[in-house]
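Residues per chain are reported as follows:
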Amino acid sequence: AVVSTQSTGERKVTDLRYCTRNLITFSDPRIVPPFLQKQQTKPVAHEKSYCPVTRQPAKYIDPLTLTPYASCKAFKMIRDSFNAYEEMRQEGGESGGKKGRKKGTDD
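Residues numbered from 1 in each chain as written. Predicted model: local features only at pLDDT ≥ 70, side-chain atom pairs only at ≥ 80, totals over all residues. Heavy atoms only, no water.

Caption draft 1: Spatial organisation of the pattern of salt bridges. Taken as a whole and assessed by the stated rule, the structure comprises 4 salt bridges. Residues Asp 80 and Lys 76 are paired through a salt bridge, measuring 3.5 Å at the closest nitrogen-oxygen approach. You can see Asp 80 and its partner Lys 76 sitting in helix H1 (residues 72–94), 4 residues apart, about one turn around the helix. With its nearest N and O atoms 3.1 Å apart, the salt bridge here joins Glu 86 to Arg 89. Of the two residues, Glu 86 and Arg 89 are both situated in helix H1; the distance of 3 residues between them amounts to about one turn of the helix. Looking at Arg 89, the relative accessible area reads 43%, which means it is partly exposed. (Salt bridge = Lys/Arg side-chain N within 4 Å of Asp/Glu carboxyl O. Helix = DSSP H or I, 4+ residues; strand = E, 2+ residues; numbered from the N terminus. Buried < 20%, exposed > 50% of the residue type's maximum accessible area, 1.4 Å probe, protein only.)

Caption draft 2: Seen up close, the environment of Ala 74. Inspection of the secondary structure assignment puts Ala 74 in helix H1. Put simply, Ala 74 and Val 53 are 21 residues apart on the chain and 5.8 Å apart in space, counted from C-alpha to C-alpha. Not counting residues within four places of it along the chain, the set of residues in contact with Ala 74 comprises Cys 51, Val 53, Thr 54 and Tyr 69. (Contact = heavy atoms within 4.5 Å.)

Here it is as structure tokens:
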């Protein structure tokens, strides 16, 4: 077989006599050695996840919160809830840990 390379314009001769493929067939599957047998494993059944908003089977997972959800509206509610939680957490952290106190009151 002759192979040409485009960059240099040279032609290389490749000897295909050393390229072999072996095929082994067994007439009886019971005599196949163990190292040639495929390991048959049972498929793992995944636990069905449900949307916490709609209680329907979840089709998607929010990449930020890793919460399963079933619809666009459910996704919006999950994100709104997450953003509100993050806002509340940041306000609590900035005021020196005075969570739960009304703004404008000093003790």
